[in-house]
Amino acid sequence: MHFKAYCAILAGGIGRRFWPASTPDRPKQFLPLASPVPLIEETLARAVGLVGADRVRVVAPLRLARLMRSSLEAAGVDTLIEPRARGTGPALVWAASEIERADPGALMISMHADHRISPARGLFETLGPALEAAQDGYLCCVGVRPDRPETGFGYVETGREIAAGAREVTRFVEKPDAATAEAYLDSGQSLWNSGIFVWRAADLLEVARSQARELAAGWPALERGDERTFFERAEPVSIDVCVMERADRVAMVEANFAWDDLGVWGALSRGRGTDEAGNSVVGSARLLDATGNVVWTETRRATVIGVSDLVIAEANGELLVMPREEAARLDIHLRQIDEAGDPPDDREP
């Protein structure tokens, strides 16, 4: 049985913190980070199971849509081609306008293409009360109960219960410091913001029209169906900032599933599991007296001896070795590498 709703899948972005495996020609959503199946294929199957293939819309730039073509055709879903990258705010408001134009009054579920969600049945059970809250005019998010003081995720603070399974959202907090994250874990009132949202498309558009000042310059173009001009004139902004943090009627439903945004190499141990020494390995590797390492190999076998808590990733002609604690800063290091330029290759021909 399917929900009578549409599902918008955000499939843009590269996921640069999974370099060298993730590149512009093979973004993060094409990697098997949560299982042996690429993330995009898991997400498509999940969305089709929720609402049916004819009500799934994948939002992506043309270049990535072309890379995903075989997966999209196999799933039988449609694509909304973003004219340019402007963040989740313009992308989801545009998707809502297209869904509302096709089916006035429609409910809409939004999710990312590169997250781990397990089991799928738990997502189905969670979305039931979220859709009921959306029917009552709430913009609804899905919160995940923390199991660690995570500083890399956004949080949702909740208040009173507004309906069965749904609570009022009092505040969104972006990536708190370690002490605040510890306090959130202890309080039990603040959950991770999963980035899964549920609303009536018309309700999202109404709030965005009145509150999302970053989109105001492009709004006339959106209303006449000119998405290219809308994206040109809209400012880059997330849906959390331009809509959710400013809306009056926001609700949260707690997830009945395991979730991870798989943001850094260290998350591979949560997505793909570990051996008895805490090592997570995808590819070919032999490990001796090694603990807590993340190893990803594509064309070579790695031999790892006597080291702990490293990321070792080989792909696309590159080898990355770094402490796991540096994984969250990889995009910063890559910018430094880009600015410095590649040194010449001194290997003998």
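Residue numbering note: each chain is counted from 1, following its sequence as written. With the structure being a predicted model, the display of local features is reserved for residues of pLDDT at least 70 and the display and counting of side-chain atom pairs for 80 or more, all residues being used for whole-chain, interface and lining totals. Water and hydrogen atoms were dropped before computing side-chain values, which therefore reflect all heavy atoms in the structure.

> Any chance you could explain the overall build of the protein here in plain terms?
Helix and strand counts for the protein stand at twelve helices and 15 strands. Whereas a compact globule of 349 residues would reach a radius of gyration of roughly 20 Å, the protein reaches 21 Å, a difference of no more than 12%. Dimensions of the protein, computed from C-alpha atoms along their principal axes, come out at roughly 65 × 45 × 40 Å. Relative accessibility decides the category of a residue: with a 1.4 Å probe and only protein chains considered, values under 20% of the type maximum give buried, values over 50% give exposed, and everything between is partly exposed. For the protein, the proportion of its 349 residues judged to be buried stands at 51%. Pairs at least 24 residues apart make up 66% of the contacts formed inside the protein by residues separated by at least 6 positions. Treating the 39 positive side-chain charges of the protein as one cloud and the 53 negative ones as another, the clouds have centres 3 Å apart. Where helices and strands are cited, they refer to DSSP runs of H or I of at least four residues and of E of at least two residues respectively, numbered from the N terminus. This radius of gyration counts C-alpha atoms alone. The globule rule is 2.2 Å times how many residues there are, raised to the power 0.38. When checking whether two residues touch, look at their non-hydrogen atoms; a contact exists if any pair is within 4.5 Å. The sign given to each residue is positive for Lys and Arg and negative for Asp and Glu; His and the chain ends receive no count. Charge placement uses NZ in Lys and CZ in Arg. For Asp and Glu, CG and CD serve respectively.

> Sorry, what's going on with the nonpolar core here?
Buried together is how nonpolar side chains tend to be arranged in soluble globular proteins. We define a nonpolar core as any set of buried Ala, Val, Leu, Ile, Met, Phe, Trp, Tyr and Cys residues linked to one another through side-chain atoms lying within 4.5 Å. Of all hydrophobic cores here, the largest spans 48 residues; its most connected members are I9, V58, M68, I109 and L127. It is helix α5 (residues 120-135) that contributes the most residues to this core, seven residues altogether. In this structure, L127 is in contact with F3, L50, I109, V142, I196 and V198, ignoring residues within four places of it in sequence. Judged by nonpolar contacts, the second largest core, of 43 residues, contains L10, W94, L204 and L222.

> What should I look at first to understand the layout of surface pockets in this one?
The method is simple in principle: a probe with the dimensions of a water molecule rolls over the atoms, and the space it marks as empty is what remains. Space inside the second largest pocket adds up to approximately 190 Å³. Cavity means a closed set of points on a 1 Å grid over the protein atoms alone, one where a 1.4 Å probe fits but cannot get out, pocket means an open set with protein on both sides within 12 Å along at least 5 of 7 lines, and lining means a residue has an atom within 4 Å of a point. In this structure, the second largest pocket is lined by G137, L139, D203, E206, V207, S210, Q211, R246, A247, D248 and R249. Here the lining of the second largest pocket is composed, by residue class, of three nonpolar, three polar and five charged. Grid points are joined across faces, edges and corners, and a volume is the space filled by probe spheres set on the points. Lys, Arg, Asp and Glu make up the charged group, whereas Ala, Val, Leu, Ile, Met, Phe, Trp, Tyr, Cys and Pro make up the nonpolar group; the residues left over, Gly among them, are polar.

> Any chance you could explain the packing of helix α4 (residues 88-102) against helix α7 (residues 201-211) here in plain terms?
Axes are the key here: two packed helices are described by the angle between their axes and the distance separating the axes. For helices, the axis comes from a line fit to the C-alpha atoms of the stretch in contact; other axes are also lines fit to C-alpha atoms, and the angle between any two N-to-C directions lies between 0 and 180 degrees. Closest axis-to-axis distance for the α4/α7 pair is 9 Å, and the angle between their directions is 130°. Classed by the angle they form, the pair α4 and α7 counts as oblique. Of the two possible hands of crossing, α4 and α7 adopt the one that is left-handed. Between α4, through L92, V93, A96, S97, I99 and E100, and α7, the contact on the second element is made entirely by A201, A202, L204, L205 and A208. Class assignment for the residues of the contact of α4 with α7 results in nine nonpolar, one polar and one charged. In this scheme, roughly parallel covers angles under 35 degrees and roughly antiparallel covers those over 145, while 65 to 115 is roughly perpendicular and the rest are oblique. Less than a right angle of anticlockwise turn of the near helix away from the far helix marks a crossing as left-handed, whereas a clockwise turn marks it as right-handed.

> Hey, could you run me through the sheet that holds strand β15 (residues 318-323) in this one?
Strand pairs in the sheet, formed through backbone hydrogen bonds, run parallel or antiparallel to each other. Two strands qualify as a pair provided that DSSP identifies no fewer than 2 bridges between them. Here four strands make up an open sheet; going across it, the order is β12-β13-β14-β15 and the pairing mixed. In the strand order of this sheet, the two ends are held by β12 (280-288) and β15, each with one partner. Adjacent strand axes in the sheet meet at a mean angle of 20°, parallel and antiparallel pairs treated alike. Pairing between strand β14 (residues 310-315) and β15: six bridges, direction antiparallel. Each residue of the ladder has a partner; that of E314, found in β15, is L319.

> Honestly, unusual backbone geometry in this entry has me stumped. Any pointers?
Note: most peptide bonds trans; most residues except glycine with negative phi. A cis amide bond links W19 to the next residue, P20, at an omega of 5°. Inspection of the secondary structure assignment puts P20 in the loop between β1 (6-10) and α1 (39-51). In this structure, the amide linkage connecting S118 to the following residue, P119, adopts the cis form with an omega of 0°. Here P119 lies in the loop between β5 (116-118) and α5. Even without being a glycine, K175 presents a positive backbone phi close to 40°. Turning to its location among the elements, K175 is positioned in the loop between β8 (166-173) and α6 (178-187). If you check the backbone angles, N316 has positive phi at about 55° while not being a glycine.

> It is not clear to me how the environment of Q29 should be interpreted in this structure. Could you clarify?
Turning to its location among the elements, Q29 is positioned in the loop between β1 and α1. A C-alpha to C-alpha distance of 6.2 Å links Q29 and A113, two positions 84 residues apart in sequence. Beyond its immediate chain neighbours, meaning those up to four positions away, Q29 contacts A11, G12, G13, P38, L39, I40, L64, A113 and D114.

> Help me out: how do you make sense of the side chain of N193 in this one?
In this structure, N193 sits in strand β9 (residues 190-200). Classification of N193 by relative accessible area gives buried; the value is 10%. Looking at N193, its side chain comes within polar contact range of the main-chain nitrogen of G195, at 3.1 Å. Within polar-contact distance, the side chain of N193 engages the side chain of D240 at 2.7 Å. Contacts described as polar in this section are N or O atom pairs within 3.5 Å, which, within protein, must combine one atom able to donate a hydrogen with one able to accept it, while residues neighboring in sequence count only if both atoms come from side chains.

> Can you walk me through the pattern of salt bridges in this structure?
Between side chains of opposite charge, a pair can form as their charged atoms come close. Put simply, a salt bridge is a Lys or Arg side-chain nitrogen that is within 4 Å of an Asp or Glu carboxyl oxygen. Taken as a whole and judged by the stated rule, the model has 17 salt bridges. Where E223 meets R209, a salt bridge forms, and the shortest distance between an N and an O atom there is 3.4 Å. Here E223 is found in helix α8 (residues 219-223), whereas its partner R209 is found in helix α7, with 14 residues between them in sequence. R329 is the salt-bridge partner of E326, the closest N and O atoms lying 3.1 Å from each other.

Such coordinate-based values are descriptive only and should not be taken to indicate function.
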